[in-house]
Amino acid sequence: MNRPLDGVKVIELSMVISAPSCGKALYEMGAEVIKVETNDRGDNWRTTPRVYASPILPNESPVYESLNSGKKHVKLNLRDADELEKLKKLIDKADVFLVNYRAGALKAMGLDYETLKQRNPKLVYACITGYGEKGPRKTDPGYDNTTYWAETGFLMDMVIQNEAGDSLPINGPVGGGDTAVGGWVAGGICAALYQREKTGKGGYVTCPLFGAGIWAFSQMSIGTQYGYQWPRSYYQMPPTNCPYKTADGDYIMTSMSKYDEQWPKFCYVYDMEELKDHPVFSHQATTIALEPRKECIKAIAAHAIKCKTEDVLRRLGEADLVYCKMPHFKDVYTSEQAIANEDIVPFTYESGKSVYIPKPPLRFNGIGPRPHTTCGVPGADNEEVFKEFGIE
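Below or above, wherever it landed, is the structure these notes cover.

Rules used throughout
- Residues numbered from 1 in each chain as written.
- Predicted model: local features only at pLDDT ≥ 70, side-chain atom pairs only at ≥ 80, totals over all residues.
- Heavy atoms only, no water.
- Pairing = 2+ DSSP bridges.
- Helix = DSSP H or I, 4+ residues; strand = E, 2+ residues; numbered from the N terminus.
- Axes fitted to C-alpha atoms, helices over the stretch in contact; angles between N-to-C directions.
- Parallel < 35°, antiparallel > 145°, perpendicular 65-115°, else oblique.
- Left-handed = near helix turned anticlockwise from the far one by under 90°.
- Contact = heavy atoms within 4.5 Å.
- Nonpolar A, V, L, I, M, F, W, Y, C, P; charged D, E, K, R; others polar.
- Buried < 20%, exposed > 50% of the residue type's maximum accessible area, 1.4 Å probe, protein only.
- Expected span 1.5 Å × (residues − 1).
- Arc of directions from axis to C-beta.
- Salt bridge = Lys/Arg side-chain N within 4 Å of Asp/Glu carboxyl O.
- Phe/Tyr/Trp six-rings, centres within 6.5 Å; stacked < 30°, edge-to-face > 60°.
- Polar contact = N/O pair within 3.5 Å; in protein donor to acceptor, adjacent residues only side chain to side chain.

This brings us to the sheet that holds strand β11 (residues 322-325). Taken in spatial order, the 3 strands line up as β9-β10-β11 in an open sheet, and their pairing is antiparallel. On the outer flanks of this sheet lie β9 (243-245) and β11, each paired with one strand and no other. Ignoring strand direction, the axes of neighbouring strands in this sheet form an average angle of 25°. Examined bridge by bridge, strand β10 (residues 251-255) and β11 share 4 bridges and lie antiparallel to one another. Bridge pairing in β11 places Met-253 opposite Cys-324.

Spelled out as structure tokens, the structure:
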């Protein structure tokens, strides 16, 4: 069965995570993606994952491969005029040019949109930036842990304060903002390709990490303009949405949007029937103030710590409530749910090591993800690609 982007050619001049994750999504949709690297070391994400204990061998690099498996790898020295011209000739015959280099460097090489659209009017040009194309920081570089997570307020305001009011900013996540932006840009590229079908002309797509982060956290941040205060303590969370520790040491988290209606079910889950008709705890309106909310959370916690995890999970299922037993990262790779949906797929390396590789989650017409492969060294596919594009 055909994939939606079969026949679409993408030239990806990228590094690290944001643009590569976009290219990977396009590849899973059927596109031919050609990744261009500029030296023998290649994308520096080939070597960075060693800080997370991931191998960085030429034939075993699962973190890098999760973003780049299936792409063709071309190496070009863009400081050499002839090599740079080869890249431009690739772009001349491509449908999409995907890049996350800084605008000044691109313009200096003649790889900006205004220049390239003169050569290829049907080109869809997609550029990921740190801070956008306007404003005082428009030329600044950005990575997702600083630009997406930190600068938007997330790291400072998602701490959980203790009762003394002490806290530290949480550790910056790595890659979550990049892959979110990659998804936005993949969608934008598809929209631009659809528009091209109607107009015959290409287009320009861009998305900044900073703006994407503001949008992602907007439901939590808008209220600060009306006086809502972040960060919060544990006792400022909605009582039915807090994580609670069980007798087995597990944390269970629920999410309930109809507090008053679902409170009796919640009481059943944690074996606290005596609180079902509590004059304060059973109503959302009477648990908004900090003190009654704090007392409610303490009462629930006192019951939860006496319950076995398996009993809580069984009752949550019976009550048809939204919940999860809070896992660690490592637990995702044994998740039956993730395996069943091919969110992670098994792969065995030549070394004999078997691991699960995460896959982009989008599916079309029941078609599963494309097979995982290892990635070649920079330039591994030069000959094949140049022959395909008719470049000497």
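As a further point, take the packing of helix α1 (residues 18-28) against helix α8 (residues 176-199). Between α1 and α8, whose axes approach to 7 Å, the crossing angle comes to 50°. Relative to α8, α1 is oriented oblique. Crossing of α1 against α8: the hand is right-handed. Where α1 abuts α8, its residues Ser-18, Ser-21, Cys-22, Ala-25 and Leu-26 lie against Asp-178, Thr-179, Gly-182, Val-185, Ala-186 and Ile-189. Taken together, the residues that form the contact of α1 with α8 break down as 6 nonpolar, 4 polar and 1 charged.

Now for unusual backbone geometry. At the junction of Trp-230 and Pro-231, the peptide bond is cis and its omega measures out at -5° in the coordinates. Non-glycine residue Val-16 carries a positive phi angle of around 65°. With respect to the element layout, Val-16 can be found in the loop between β1 (9-13) and α1. On the basis of relative accessibility, which here comes to 9%, the residue Val-16 falls in the buried class. Its identity as a non-glycine residue notwithstanding, Glu-342 has a phi of 55°, on the positive side. By secondary structure assignment, the location of Glu-342 is in the loop between α15 (336-340) and β12 (344-348).

Bringing the sheet that holds strand β5 (residues 124-129) into the picture now. Strand order in the open sheet formed by 6 strands is β3-β2-β1-β4-β5-β7, and the pairing between neighbours is parallel. The two strands at the open ends of the sheet, each matched to only one other strand, are β3 (72-75) and β7 (203-208). In this sheet, adjacent strand axes meet at a mean angle of 20° when their direction is disregarded. With 4 bridges connecting them, strand β2 (residues 32-37) and β3 associate as parallel partners. Following the sheet pairing, Lys-35 is matched in β3 by His-73.

Further remarks concern α1. In terms of burial, α1 is a largely internal element, 11 of the 11 residues being buried. Elements in contact with the buried residues of α1: β1, β2, α2 (62-68), β4 (96-99), β5 and α8. Residue Gly-30 follows α1 closely and has a positive phi angle near 115°.

This paragraph deals with the pairing of β4. Of the two faces of β4, both are covered, the one formed by Val-96 and Leu-98 as well as the one formed by Phe-97 and Val-99. Looking at chain direction, β1 and β4 are connected through 4 bridges and run parallel. From the neighbouring strand, Val-10 faces β4, where its bridge partner is Val-96.

Our focus in this paragraph is helix α3 (residues 81-92). Here α3 contains 12 residues, and its C-alpha end-to-end distance of 16 Å stays within 8% of the 16 Å for a straight helix at 1.5 Å per residue. All buried positions along α3 are accounted for by Leu-84, Leu-87, Lys-88, Leu-90 and Ile-91. The buried residues of α3 occupy an angular sector of 155° when projected down its axis, which confines them to one face. Packed against the buried residues of α3 are β1, β2, β4, α5 (113-119) and α16 (382-388).

Moving on, we get to the pattern of salt bridges. Within the structure shown, the criterion is met by 23 salt bridges. A salt bridge links Arg-196 to Asp-95; its shortest N-O distance comes to 2.9 Å. Here Arg-196, found in helix α8, pairs with Asp-95, found in the loop between α3 and β4; they are 101 residues apart in sequence, far enough to count as distant. Residue classification places Asp-95 among the buried residues on the basis of a relative accessible area of 16%. Salt bridges sharing partners connect three or more residues here, namely Lys-9, Glu-32, Lys-72, Glu-384 and Glu-388.

A few words on the packing of aromatic side chains. Applying the stated criterion across every chain yields a total of 18 aromatic pairs. Note on Phe-97 and Tyr-125: the rings are 5.4 Å apart at their centroids and 70° apart in plane angle, and the pair reads as edge-to-face. With Phe-97 in strand β4 and Tyr-125 in strand β5, this pair connects stretches of sequence that are 28 residues apart. Note on accessibility: Phe-97 and Tyr-125 belong to one class, buried. Considering the side-chain rings of Tyr-113 and Tyr-204, the 5.3 Å spacing of their centres and the 35° angle between planes classify their relative orientation as tilted. Of this pair, Tyr-113 sits in helix α5 while Tyr-204 is found in strand β7, placing the two residues 91 residues apart along the sequence.

To continue, consider the environment of Lys-75. With respect to the secondary-structure elements, Lys-75 resides in strand β3. Classification of Lys-75 as partly exposed rests on a relative accessible area of 27%. Along the primary structure Lys-75 and Pro-378 are separated by 303 residues, whereas in three dimensions their C-alpha atoms are 5.4 Å apart. Polar side-chain contacts of Lys-75 include one of 2.4 Å to the side chain of Asp-40.

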